[in-house]
Amino acid sequence: MKNIAIILASGTGSRLGNKTPKQFIKLNNKYIFEYSLKTFNNHINIDEIVIVCHPEYIEFIKDYLRNSEYTKVKRIIAGGNTRQESVSNGVFSISHEEGNVLIHDSARPFVTTDMISRVVEELSIYNAVSTVMPATDTIFEINESSYVTKIPTRKDLRIVQTPQGFNLNTIRKAHLMAQKDNQNLATDDCSLILYYNLSEIKTVEGDDLCFKITTNKDLIFAESLLNNSSILNS
Ligand code: CTP
Ligand code: MG
C-alpha cells in the first residue's frame, strides 16, 4: 500500500489577517508550508506528496520546488473554496486504485516524524486515524444566543490535529457522499467518516508543538520556538 500525503495550502488565512496567506509567510527564511513538507518528504513511509494550493500560487510553488530536495512531490493542484473542497480535489487527483492518504494542514509546521509513524502504523488496521491531544481547558457548547447548552466531561475530550490518515477508498466514498448532500463545510475529514458511519476512527497521540497557526499570537509563538531550537529538537 502506498502512503500518499496531501498537504493543504489553499486557505487564505483570514483570521491572521495578513495579505499573504499564512502558509506562504516566511519564518526563519523558510515558507511555513515548507516545514511540514520537509518532514513528510523525509519520512521513510511516505511515498508521494500532493500539494493543494490556491490557483494563483501553483506556478510559484512549481518554480520554488523545481530541483529542490522535495522529490516526493508528484502533483501541485488547485484547492477549493473550503477546506473540504480542497481535500476532495486532492483525494480525487490520486489515480491509484488503492492506498492510504495522510491529510495535513500546512498551517501546522511542526508536525513530527513520530506522529506520521503513528498514523501510518494504525492504518494497517483501521480505515480512519486521527492525531489528537487531550483537552486541557473545559469546553462549553453554546447556542446562537451564547447560552451554554452542554459541558462535555473534559477527560473525554480531545483536541483534533493533523495528520489524519484514511484508506483511500474510504475517504473517496466520504467525499462523494458529502458532495451528493451538498455538504462542504467540514473542518476535518473524520467528521465525514463519522457522519456517514463509514468506519471506526482510531485516535493516536499528536504533539503539543503541532498547533495550527491561526492568529498573530500563533505566528509569534512559532517564531520564538524556531529561535529556541532546543525545544523543537527535544
Ligand atoms: N485550507 C485549504 N483550502 C481552503 C481552506 C483551508 O487548503 N479552502 C487549508 C489551509 O491552507 C490550512 C488548513 O486547511 O493549512 C487549515 O485551515 P485554516 O487554519 O482554517 O486555514 P485558513 O482557512 O487559511 O485560515 P482562516 O480560516 O483563518 O481563513
Ligand atoms: Mg479556514
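Being a predicted model, the structure only gives us computed values, none of them experimental.

Caption draft 1: Geometry of the pattern of salt bridges. For the structure on display, the rule yields seven salt bridges. Between Asp105 and Arg83 there is a salt bridge, with the nearest N and O atoms lying 3.0 Å from each other. Of the two residues, Asp105 is situated in strand E6 (residues 100-105) and Arg83 in helix H3 (residues 83-92); the sequence distance between them amounts to 22 residues. The class of Asp105 is buried, set by a relative accessible area of 10%. Between Arg83 and Asp189 there is a salt bridge whose closest N-O contact spans 3.0 Å.

Caption draft 2: Representation of the nonpolar core. With 29 residues, the main nonpolar core has Leu37, Phe40 and Ile49 as its most contacted residues. Elements with a contribution of two residues or more to this core: strand E1 (3-9), helix H1 (32-41), strand E4 (48-53), helix H2 (58-65), strand E5 (73-78) and helix H4 (113-122). Apart from residues no more than four positions distant in its own chain, Ile49 is found in contact with Ala5, Ile7, Leu37, Phe40, Asn41, Lys72, Val73, Lys74 and Arg75. Core analysis: the second largest hydrophobic core is formed by 22 residues, Ile6, Val50, Val87 and Ile193 among them.

Caption draft 3: Layout of the side chain of Asp105. Within the local environment of Asp105, its side chain forms a polar contact with the side chain of Arg83, the two groups lying 3.0 Å apart. If near-sequence neighbours (up to four positions away) are discounted, Asp105 is found in contact with Leu8, Arg83, Thr162 and Lys212.

Caption draft 4: Representation of a nonpolar patch on the surface. A contiguous nonpolar surface patch, about 390 Å² in accessible area, is contributed by Phe140, Ile142, Val148 and Ile151. Looking at the secondary structure, you find Ile151 in the loop between strand E9 (148-150) and strand E10 (158-167).

Caption draft 5: Examining the layout of surface pockets more closely. Looking at the largest pocket, its volume works out to about 740 Å³. Along the walls of the largest pocket sit 29 residues, with Gly11, Arg15, Arg83, Asp105 and Lys212 positioned nearest its centre. Those elements that place two or more of their residues in the lining of the largest pocket are E1, H3 and E10. Counting residues per element, the lining of the largest pocket draws most heavily on E10, which supplies four residues. Broken down by class, the residue content of the lining of the largest pocket amounts to six nonpolar, 16 polar and seven charged.

What counts and how
Residues numbered from 1 in each chain as written. Chains lettered and ligands numbered in written order. Predicted model: local features only at pLDDT ≥ 70, side-chain atom pairs only at ≥ 80, totals over all residues. Heavy atoms only, no water. Salt bridge = Lys/Arg side-chain N within 4 Å of Asp/Glu carboxyl O. Helix = DSSP H or I, 4+ residues; strand = E, 2+ residues; numbered from the N terminus. Buried < 20%, exposed > 50% of the residue type's maximum accessible area, 1.4 Å probe, protein only. Core = buried A, V, L, I, M, F, W, Y, C linked by side-chain atoms within 4.5 Å. Contact = heavy atoms within 4.5 Å. Polar contact = N/O pair within 3.5 Å; in protein donor to acceptor, adjacent residues only side chain to side chain. Patch = residues over 30% accessible without salt bridge, like charges linked within 9 Å, V, L, I, M, F, W, Y side chains within 5 Å. Areas by Shrake-Rupley, 256 points an atom, 1.4 Å probe, with all protein chains shown as cover. 1 Å grid on protein atoms, 1.4 Å probe; cavity = no way out; pocket = protein on both sides within 12 Å on 5 of 7 lines; lining within 4 Å. Points joined across faces, edges and corners; volume = space filled by probe spheres on them. Nonpolar A, V, L, I, M, F, W, Y, C, P; charged D, E, K, R; others polar.

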